[in-house]
Amino acid sequence: IIMDMDNFKRINNLLGYEVGNKVLKRFAQLLRNLTIDRSISVSRFGSDEFAIILPGVSKDQAFSIAGKIHKAVEDPTFIAPNSGVHVSVSFGISSLRDDSSSKNDLIDNALHALSLDKARVIR
């Protein structure tokens, strides 16, 4: 799963970089809490992008995990009550289909799916 926080620049612009950094740390902690299994790897993928590698997890299970993340971030208390800022997360989910798929294919497919999900948010 590759995910991108929607409206993150708005957080920095309206509330400042210090709040933006706190939101990133809170999001990272949320990801760690939802993925306790030691075989699962969580990392920052870009400025406001994160990746989760879920070995042995089905695509349906990955969608379920993404749904839990989405629900937690959508909670109004995730940033700060009455801040006027709403955060959501876009997701790109991909899986290795067989031994002929490469790690680069996995990332490229997840990034493509992420861009499609982001396009849905921007509309």
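A.B. asks: Report on the packing of aromatic side chains, specifying residues and quantitative values.
C.D. replies: The geometry of an aromatic ring pair comes down to the distance between the two centres and the angle between the two planes. Scanning the entire structure with this criterion turns up 1 aromatic pair. Aromatic pair Phe-27 and Phe-50: ring centres 5.1 Å apart, planes at 65 degrees, arrangement edge-to-face. With Phe-27 in helix H2 (residues 17-34) and Phe-50 in strand S3 (residues 49-53), the pair connects residues that are 23 residues apart, well separated along the chain. Across this residue pair, the class does not change: Phe-27 and Phe-50 are buried.

A.B. asks: Would you mind going over the nonpolar core in detail, with residue names and values included?
C.D. replies: Ile-1, Met-3, Met-5, Phe-27, Ile-52, Ile-69 and Val-73 are the most contacted members of the largest nonpolar core, which has 25 residues in total. If you list the elements that add at least two residues to this core, you get strand S1 (2-6), helix H1 (8-15), H2, S3, helix H3 (59-74) and strand S4 (88-92). No other element matches H2, which puts 6 residues into this core. If sequence neighbours within four positions are ignored, Ile-52 has contacts with Ile-1, Met-3, Leu-31, Thr-35, Ile-40, Ser-41, Val-42 and Ile-69.

A.B. asks: Describe the pairing of S4, with residues and values.
C.D. replies: Within S4, 5 of the 5 residues are buried, which leaves the element mostly enclosed by the surrounding structure. Of the two faces of S4, the one holding Ser-88, Ser-90 and Gly-92 and the one holding Val-89 and Phe-91 are both buried throughout. Pairing analysis gives 5 bridges linking S1 to S4, with the strands arranged antiparallel. Paired with Ile-2 across the bridge in S4 is Gly-92.

A.B. asks: Residues and numbers for the confidence of the model for the protein, please.
C.D. replies: Keep in mind that low pLDDT regions are not for reading the predicted coordinates in detail. On average, residues of the protein score 83 in pLDDT, and 88% of them are at 70 or above. Least confident of the elements in the protein is H1, whose mean pLDDT is 84; most confident is S4, at 92.

A.B. asks: Break down H1 for me, with residues and values.
C.D. replies: Among all positions in H1, only Phe-8, Ile-11 and Asn-12 are buried. The buried residues of H1 occupy one face: seen down the axis, they fall within an arc of 95 degrees. Among the exposed residues of H1, those pointing more than 90 degrees away from its buried face are Lys-9 and Asn-13. Contacts made by the buried residues of H1 are with S1 and H2. Positive phi shows up at Gly-16, right after H1, with a value of about 100 degrees.

A.B. asks: Just give me the short version of H3, but keep the residues and values in it.
C.D. replies: The end-to-end C-alpha distance of H3 is 22 Å, a good match for the 22 Å that 16 residues give at a rise of 1.5 Å each. If you check which residues of H3 are buried, you get Ala-62, Ile-65, Ala-66, Ile-69 and Val-73. For H3, the buried positions fall inside an angular range of 100 degrees around the axis, keeping them on one side. Exposed positions of H3 whose direction lies more than 90 degrees from the buried face are Asp-60 and Lys-71.

Definitions and cut-offs
- Residues numbered from 1 in each chain as written.
- Predicted model: local features only at pLDDT ≥ 70, side-chain atom pairs only at ≥ 80, totals over all residues.
- Heavy atoms only, no water.
- Phe/Tyr/Trp six-rings, centres within 6.5 Å; stacked < 30°, edge-to-face > 60°.
- Helix = DSSP H or I, 4+ residues; strand = E, 2+ residues; numbered from the N terminus.
- Buried < 20%, exposed > 50% of the residue type's maximum accessible area, 1.4 Å probe, protein only.
- Core = buried A, V, L, I, M, F, W, Y, C linked by side-chain atoms within 4.5 Å.
- Contact = heavy atoms within 4.5 Å.
- Pairing = 2+ DSSP bridges.
- pLDDT = per-residue confidence, 0-100.
- Arc of directions from axis to C-beta.
- Expected span 1.5 Å × (residues − 1).

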